Amino acid sequence: YPSDNIRNFSIIAHVDHGKSTLADRLLELTGTIRKGHGQPQYLDKLQVERERGITVKAQTATMFHRHKFLGSDTDFLLNLIDTPGHVDFSYEVSRSLAACQGALLVVDAAQGVQAQTVANFYLAFESNLAIIPVINKIDQPTADPDRVKAQLKSMFDLDPSDALLTSAKTGQGLEQVLPAVIERIPPPPGKSTSPLRMLLLDSYYDEYKGVICHVAIVDGALHKGDKICSAATGQSYEVNDVGILHPELVPTGILLTGQVGYIVSGMRSTKEARIGDTLHHTRTVIQSLPGFKPAKHMVFSGLYPADGSDFEALNHAIERLTCNDASVSVTKESSTALGLGFRCGFLGLLHMDVFHQRLEQEHGAHVISTVPTVPYIFEYSDESKLQVQNPAALPSNPKNRLVACWEPTVIATIIIPSEYVGSVITLCAERRGEQLEYSFIDSQRAFMKYRMPLREIVVDFYNELKSITSGYASFDYEDSEYQASDLVKLDILLNGQPVDAMATIVHRSKAPRVGRELVEKLKKFIDRQMFEIIIQAAIGSKVIARETVSAMRKNVLAKCYGGDITRKKKLLEKQKEGKKRMKRVGSVDIPQEAFHELLKVS
Ligand code: GDP
Ligand code: MG
């Protein structure tokens, strides 16, 4: 396939607008996968993806399609790169787009343009991709394609007559999609006569084959047996296997200019496979490709084994998982309350949840995670700066005087039906937001931009936004600069002992309310024990909230009237069960749920 007969495209959309379903249909249409293969969303391979109905990892598939082009039947090789739509994964989206010359911008015919439609459109637009608008789900009774066309025109200046109308469900309109891809998206621009340059798009670890890299051949060609070299590390490798993703690995022995495929080259860990790296033949001198912006960690949380002895198991699970998700940062840390664990940095909250869930589901780890925090910066009188990813690490009595605190902010995009404007403005003000823009997409929908502290978004913002707008709000954010802020460290004390894993950093104005909510939540979750427990929230030595759990009088067994052995056994079993999920802090048992509940206090 000369590169003139190759098209590399991606599908981008707001979550749930039908990207993965459309991808499935295109794979069926081209005979790449069989119809009715049983599992919907073929490319969503991970269990979390199926359960949550979201795409986390971008997946790639090569298809073949014959099309009448410039008057004669021509065979085309089409590389489809499915992308995640959720905000946390826009890193994956921009990565996928780097290997594409065009994108299908899918918009739900009933819901219209949503926040991530806007975000994804701009990612594609900035990468100079040809954009084909696809109005999907036209089978729905509430579909209003004309309204969506008008939105596309007013928001993105896309010509309404360019829009394709489809239903990935009924199949209506799908036949226009691939011809549009072939005719409107340019072929990859690389030079087949230049020395090999390939972009490393993604990598994962396979039990049998070792590290598998997804690559885009930008210039030149790659053959099996070639000796290649990483521009980033200078390391050389021999290509043992090379082929296309069809969508399973199909060896071809060769990849030509413009193609996307996989290589296996004896890399020992995915750490060697640096995403965004340029690979080239050894002994050729090339200019590196632009690569990608490094992933930015927005949210940090401590991960500890739920059962103190499982540290090694958790260590192993995290190592295995980060092999396939290099966007997580991991450092060891220890906590007096929870023992040995890890401080992990994530791209966002959903990313954190997904990582947590994958640890438990795919690697059988049991994990306690601490309250998520954002990276703050504290500046002292000797001009030293401290980046704090773990509130417990912030010294309570620093050597030098604290002169300033800085917190990360984001620019949030919110799209809502007009009737909710008032309540959303109130919510954003409560969350210390500053309105930057307020306009209307059409007669029914408002578009707002806010600068907000990241911290305010991390804690349950999206859920609250959804609930005050009956689920109609859509939301996206991008990171912005740090701003000066009046921050304090809030300690939680049990019987006078600070629990390091429960410390948080909050804005001073919010400390009293957050402190009160935290101790009230904890009180509900800590069972009465043989002695009285005092729960306090404090800033430095100043207690700002307090609750007491009174001592337990009766023994569990007192309920058994002597003889009934099975009941007694059952009760003891139950008590043991309960114990398993406890963390002992000083002399106080804290159930695992307590840590989870604390995550939800803003
Ligand atoms: P993604 O998040 O953009 O990948 O969206 P999915 O492909 O996972 O689709 C989200 C939901 O919309 C699924 O329940 C699909 O079955 C459904 N869906 C996708 N396309 C259509 C369509 O054309 N019509 C209707 N009625 N439902 C669709
Ligand atoms: Mg999907």
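Right above here is the structure, for reference.
Residues numbered from 1 in each chain as written. Chains lettered and ligands numbered in written order. Predicted model: local features only at pLDDT ≥ 70, side-chain atom pairs only at ≥ 80, totals over all residues. Heavy atoms only, no water.

Some words on the side chain of threonine 409
And step 1. Inspection of the secondary structure assignment puts threonine 409 in strand β23 (residues 402-417).
And step 2. A polar contact of 3.4 Å, which involves the side chain of threonine 409, links it to the side chain of arginine 451.
And step 3. From its side chain, threonine 409 meets the backbone oxygen of glutamate 481 in a polar contact 2.7 Å long.
And step 4. Sequence-distant contacts of threonine 409, defined by excluding residues within four places in its chain, comprise Arg451, Met452, Pro453, Leu454, Asp479, Ser480, Glu481 and Gln483. (Helix = DSSP H or I, 4+ residues; strand = E, 2+ residues; numbered from the N terminus. Polar contact = N/O pair within 3.5 Å; in protein donor to acceptor, adjacent residues only side chain to side chain. Contact = heavy atoms within 4.5 Å.)

Description of the nonpolar core
And step 1. Counting residues in each nonpolar core, the largest one holds 48 residues, and the members touching the most others are Leu359, Phe378, Ile416 and Phe461.
And step 2. Among all residues touching isoleucine 416, those that are not within four sequence positions of it are Val421, Val424, Gln444, Arg445, Ala446, Met448, Thr469 and Ala473.
And step 3. In terms of nonpolar packing, the next biggest core, distinct from the first, is built from 31 residues, Val107, Val148, Phe156 and Phe447 among them. (Core = buried A, V, L, I, M, F, W, Y, C linked by side-chain atoms within 4.5 Å. Buried < 20%, exposed > 50% of the residue type's maximum accessible area, 1.4 Å probe, protein only.)

Description of the environment of alanine 13
And step 1. Among the secondary structure elements, alanine 13 is positioned in strand β1 (residues 6-13).
And step 2. Residue class for alanine 13 comes out buried when judged on its relative accessible area of 0%.

With respect to the site of ligand 1
And step 1. Asp16, Ser20, Thr21, Asp139 and Ala168 are the nearest of the 16 residues found near ligand 1.
And step 2. Take alanine 168: an N or O atom from its main chain is 2.8 Å from an oxygen atom of ligand 1.
And step 3. Protein chains bury 79% of the 580 Å² of accessible surface belonging to ligand 1 in isolation.
And step 4. Considering only residue class, the shell around ligand 1 consists of two nonpolar, nine polar and five charged. (Near = heavy atom within 4 Å. Areas by Shrake-Rupley, 256 points an atom, 1.4 Å probe, with all protein chains shown as cover. Nonpolar A, V, L, I, M, F, W, Y, C, P; charged D, E, K, R; others polar.)

Comments concerning the sheet that holds strand β18 (residues 329-335)
And step 1. Judged by pairing direction, the sheet is antiparallel, and its four strands sit side by side in the order β18-β19-β17-β20 without closing on themselves. At either end of the open sheet lies a strand with only one pairing partner, and these are β18 and β20 (367-369). Direction aside, the axes of adjacent strands within the sheet are offset by 30 degrees on average.
And step 2. Two elements, β18 and strand β19 (residues 339-346), share seven bridges in a ladder whose sense is antiparallel. The partner of threonine 331 across the bridge, within β19, is arginine 343. (Pairing = 2+ DSSP bridges. Axes fitted to C-alpha atoms, helices over the stretch in contact; angles between N-to-C directions.)

Thoughts on the pairing of strand β22 (residues 385-388)
Along any regular strand, the residues point their side chains to alternate faces of the sheet.
And step 1. As defined by bridge partners, strand β21 (residues 376-380) adjoins β22 across four bridges and the pair is classed as antiparallel. Directly across from isoleucine 377, in β22, lies its bridge partner glutamine 387.
And step 2. Counting the residues in the hairpin turn of β21 and β22 gives four residues, including glutamate 383, whose phi is positive at 70 degrees.

A closer look at the environment of leucine 386
And step 1. Looking at where leucine 386 falls in the secondary structure, it is placed in strand β22.
And step 2. Here the alpha-carbon distance between leucine 386 and proline 375, two residues 11 residues apart in the chain, equals 9.9 Å.
And step 3. In this view, leucine 386 contacts Tyr376, Ile377, Phe378, Tyr380, Leu394 and Pro395; residues no more than four positions away in its chain are not counted.

Considering the sheet that holds strand β15 (residues 260-264)
Adjacent strands of a sheet pair through backbone hydrogen bonds, lying either parallel or antiparallel.
And step 1. Strand order across the open sheet formed by eight strands is β11-β10-β16-β7-β8-β15-β12-β13, with antiparallel pairing between neighbours. In the strand order of this sheet, the two ends are held by β11 (236-238) and β13 (249-251), each with one partner. Along the sheet, successive strands turn relative to each other by an average axial angle of 40 degrees, direction set aside.
And step 2. Here strand β7 (residues 197-206) pairs with strand β16 (residues 278-281) via two bridges, running antiparallel. In the sheet register, methionine 198 faces β16, and the bridge partner there is leucine 279.

Quick look at helix α9 (residues 421-430)
Since the α-helix packs 3.6 residues into each turn, any two residues three or four apart lie on the same face.
And step 1. Those residues of α9 not exposed but buried are Val421, Val424, Leu427 and Cys428. Along the axis of α9, the buried residues cluster in a sector spanning 125 degrees; they form a single face.
And step 2. The inward-facing, buried residues of α9 abut β23, β24 (434-440), β25 (445-453) and α11 (461-468). (Arc of directions from axis to C-beta.)

Some words on the pattern of salt bridges
Side chains bearing opposite charge may pair, as long as their charged atoms lie close to each other.
And step 1. If you walk through the whole model with that rule in mind, you get 18 salt bridges.
And step 2. Put simply, arginine 432 and glutamate 456 hold a salt bridge, and the shortest N to O gap is 2.9 Å. Of this pair, arginine 432 sits in the loop between α9 and β24 while glutamate 456 sits in helix α10 (residues 454-458); the two residues are 24 residues apart in sequence, bridging distant segments of the chain.
And step 3. According to the relative accessible area criterion, glutamate 456 is buried, its value standing at 2%.
And step 4. For glutamate 517, the salt bridge goes to arginine 513, with nearest N and O atoms at 2.9 Å. In this pair, glutamate 517 and arginine 513 both sit in helix α12 (residues 511-525), four residues apart, roughly one turn of the helix.
And step 5. A relative accessible area of 26% means that glutamate 517 is categorised as partly exposed. (Salt bridge = Lys/Arg side-chain N within 4 Å of Asp/Glu carboxyl O.)

Quick notes on unusual backbone geometry
And step 1. Geometrically, the link from histidine 246 to proline 247 is a cis peptide bond, its omega value of -10 degrees lying close to zero.
And step 2. Within the secondary structure layout, proline 247 lies in the loop between β12 (241-245) and β13.
And step 3. At arginine 283, a position not held by glycine, the phi torsion is positive, near 70 degrees.
And step 4. By the secondary structure assignment, arginine 283 is in the loop between β16 and β17 (299-305).
And step 5. Judged by its relative accessible area of 83%, arginine 283 is exposed.
And step 6. Look at serine 470: it is not a glycine, yet its phi comes out positive at around 50 degrees.

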